[in-house]
Amino acid sequence: MVIPQYIVAGPSEMLAITGSGINEIKLKKKHFLWPLQKCSRLDISPVNYSFEVQAMSAEKLPFVLPAVFTIGPQLDENNESLIKYAQLVSNHDKNSNHVKELVKGIIEGETRVLAASMTMEQIFKGTKEFKKEVFEKVQLELNQFGLYIYNANVKQLVDVPGHEYFSYLGQKTQMEAANQAKIDVAEARMKGEIGSKQRDGETKQNAAKIDAETMIISTRRQGEGKKEEVKVKTEVKIFENQREAEVVEASAELAKKKAGWSQTARLAEVEAEKAVAIREAELQMEVQKKKAFAQTAKLKAELLSQANVEYDVKVQEANSELYKRQKEAEAALFESQKKAEAQKAIADAEFYSRQQAANSELYAKQKEAEGVAAIGKAQAVYLGSILKELNHNYSALRDYLMINNGIYQDIANINAQAVNGMQPKISIWSGADGGEGGSGLKDVAGMYRMLPPLLQTVQEQTGMQPPAWLGTIPHDESK
């Protein structure tokens, strides 16, 4: 009695069974192995493959693309991909040179084909899309071996020794960023200095304005104080004069009473009266003089005080206005200087920007010229290969190019369009025997019979009349 052997696969393994009772290959995780059957263990764990692919862009610029691919057998529901892997790859170790060279050849081939259709700028800026394209194209090739890409890590592009494209591109970006930073710092410094000067000017202007207003108010207060002092002194003087006048009046009254009392002596009374009158006049004159002097002093004090106050006020106002205008002129001069410096910085920045744009346009034109030259070289190689196949027969090459480019078809179309719409008139006549005798006369008669219809046809086709010496064409009466 034959006892089968029970075999179990590991977590990352599959059993491939072939032999008796099995069509091609059977994949299982555990199996009873019978005689005349063979079992192989398939390691389905993925393996990392590191490559440095050397490729060339559409501009024929070489570069190195370091990449790490994690590849292993593909697992699906029907195990079709795993069966392909078991049939084609399982006999070799996954770390062997055979599998590594197989994977490397597929990756390098697809990467070079894809890189040749893209410019260096497209590859550098669209690394993510480039990685996706490589991933999809390599996966299509690996499907026929039952392999699957679990992960693809494309590293930074590297220059080939002797070609420093990426190095120069990085230096260009770094210099552009440094120049832009310098421009930004200069603009910020300019704004800060202008703002600081504006604040200082406003502070000084406000301080000068407050000082002028304070000086004017102080001068007004001093004038008002002096005015009140003069007024009080004048009132005191007037009061003193009034008192003196009252005393004089009382004295005169007393003299009158004494004269009345001394009625005994008429002469004494008259003299007393005259003396009193004279004295009264003198006193009255003195009083008038004092009043006039007091009024003159009062007016003089008032007018002089007012003139001094107005003079001081006008002097302070003129000084304040002069200081204000000086500061405004200084502020305007500083602002103009800063605007000129800002305009110069802006002009320098615009010059640099235009210079960079011109360099970019020159580079684009150079690349376009290189592309046209490459197309011309490719066409020359193509025509050389065709000429070689035709054993250097230039006539056959010309006929091939005219047929391939549709020249004969174009000629036929042009000729068809040229005669399209034409309505030629065709006349048919016959030189039948008219009964003339003799072969010589017959030929001459036939030729003369041919002339009228021939001339008629020429006249209808071209509108030309035959010469008079040759004959005339009869007019058709029916027309």
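Quantities reported herein were computed from a predicted structural model and do not represent experimental measurements.

Visitor: Lay out the overall build of the protein chain with the relevant residues and their values.
Guide: The helix and strand tally for the protein chain stands at nine helices and nine strands. When the 479 residues of the protein chain are sorted by exposure, 21% land in the buried category. Sequence separation of at least 24 residues holds for 61% of the intrachain contacts in the protein chain that already meet a minimum separation of 6. Accessible surface for the protein chain amounts to roughly 35200 Å². Of this, 56% is attributable to carbon and sulfur atoms.

Visitor: An account of the sheet that holds strand β2 (residues 13-19) is needed here, citing residue identities and associated values.
Guide: With respect to topology, three strands assemble into an open sheet ordered β3-β2-β5, the strand pairing being antiparallel. Each edge of the sheet is formed by a strand with only one pairing partner; in this case those strands are β3 (26-28) and β5 (37-43). The sheet shows a mean angle of 30 degrees between the axes of neighbouring strands, direction not considered.

Visitor: Tell me what's going on with the confidence of the model for the protein chain, and back it up with residues and numbers.
Guide: Predicted confidence across the protein chain gives a mean pLDDT of 77, with 84% of residues reaching 70 or more. Per-element confidence in the protein chain ranges from a low mean pLDDT of 60 for strand β9 (residues 158-159) to a high of 84 for strand β1 (residues 5-8).

Visitor: Can you break down the layout of surface pockets residue by residue, with the values?
Guide: Considering only enclosed or pocket space, the second largest pocket measures out at about 360 Å³ in volume. Every residue lining the second largest pocket is counted, 15 residues in all, and those nearest its centre are Lys197, Gly201, Lys327, Glu330 and Ala331. Elements with a minimum of two residues in the lining of the second largest pocket: α5 (165-261) and α6 (266-389). Among the elements that make up the lining of the second largest pocket, the one with the highest residue count is α5 (eight residues). Grouping the constituent residues of the lining of the second largest pocket by class yields four nonpolar, three polar and eight charged.

Visitor: How would you explain helix α7 (residues 394-404) if you had to name every residue and give the values?
Guide: Taking the backbone nitrogen of Ser395 as reference, a side-chain oxygen 3.2 Å away marks Asn393 as the first, capping residue of α7. The positive-phi residue at the C-terminal boundary of α7 is Gly406, with phi of around 75 degrees.

Visitor: Outline the nonpolar core, supporting the account with residue identities and numerical values.
Guide: With 38 residues, the main nonpolar core has Phe69, Ile71, Val103, Ile107 and Phe130 as its most contacted residues. Contributing elements (two or more residues each) for this core: β2, β6 (47-56), β7 (62-73), α1 (80-88), α2 (97-116), α3 (120-125), α4 (127-142) and β8 (147-154). With six residues, the single largest contributor to this core is α2. Not counting residues up to four positions away in its chain, the partners in contact with Phe130 are Leu65, Thr111, Leu114, Ala115, Met118 and Ile123. With six residues, the next largest nonpolar core counts Ile7, Ala9, Leu15 and Leu33 among its residues.

Visitor: Kindly report on the packing of aromatic side chains, identifying the contributing residues and their values.
Guide: One pass over the full model with this rule turns up two aromatic pairs. Aromatic side chains Tyr6 and Phe32 sit 4.7 Å apart centroid to centroid with 50 degrees between the ring planes, which places their arrangement in the tilted category. In this pair, Tyr6 is assigned in strand β1 and Phe32 in strand β4 (residues 30-33), connecting sequence segments 26 residues apart. Classification of Tyr6 as partly exposed rests on a relative accessible area of 43%. The exposure class of Phe32 is partly exposed, given its relative accessible area of 44%. Measuring from ring centre to ring centre gives 5.0 Å for Tyr148 and Tyr150, while their planes differ by 85 degrees; the resulting arrangement is edge-to-face. Classification of Tyr148 by relative accessible area gives partly exposed; the value is 32%. With a relative accessible area of 39%, Tyr150 lands in the partly exposed category.

Visitor: Can you explain the pattern of salt bridges? Please cite residues and give values.
Guide: This model, assessed by the stated rule, comprises eleven salt bridges. The salt bridge partner of Arg243 is Glu246, with a shortest N-O separation of 2.8 Å. With a gap of three residues between them, Arg243 and Glu246 both fall in helix α5, about one helical turn apart. Using a relative accessible area of 43% as the deciding quantity, one classes Glu246 as partly exposed. Residue Lys327 pairs with Glu330 through a salt bridge whose shortest N-O separation is 3.6 Å. Of this pair, Lys327 and Glu330 both sit in helix α6, three residues apart, roughly one helical turn. Given the relative accessible area of 19%, Lys327 is considered buried. Owing to a relative accessible area of 49%, Glu330 belongs among the partly exposed residues under this scheme.

Cut-off values and rules
Residues numbered from 1 in each chain as written. Predicted model: local features only at pLDDT ≥ 70, side-chain atom pairs only at ≥ 80, totals over all residues. Heavy atoms only, no water. Helix = DSSP H or I, 4+ residues; strand = E, 2+ residues; numbered from the N terminus. Buried < 20%, exposed > 50% of the residue type's maximum accessible area, 1.4 Å probe, protein only. Contact = heavy atoms within 4.5 Å. Areas by Shrake-Rupley, 256 points an atom, 1.4 Å probe, with all protein chains shown as cover. Pairing = 2+ DSSP bridges. Axes fitted to C-alpha atoms, helices over the stretch in contact; angles between N-to-C directions. pLDDT = per-residue confidence, 0-100. 1 Å grid on protein atoms, 1.4 Å probe; cavity = no way out; pocket = protein on both sides within 12 Å on 5 of 7 lines; lining within 4 Å. Points joined across faces, edges and corners; volume = space filled by probe spheres on them. Nonpolar A, V, L, I, M, F, W, Y, C, P; charged D, E, K, R; others polar. Polar contact = N/O pair within 3.5 Å; in protein donor to acceptor, adjacent residues only side chain to side chain. Core = buried A, V, L, I, M, F, W, Y, C linked by side-chain atoms within 4.5 Å. Phe/Tyr/Trp six-rings, centres within 6.5 Å; stacked < 30°, edge-to-face > 60°. Salt bridge = Lys/Arg side-chain N within 4 Å of Asp/Glu carboxyl O.

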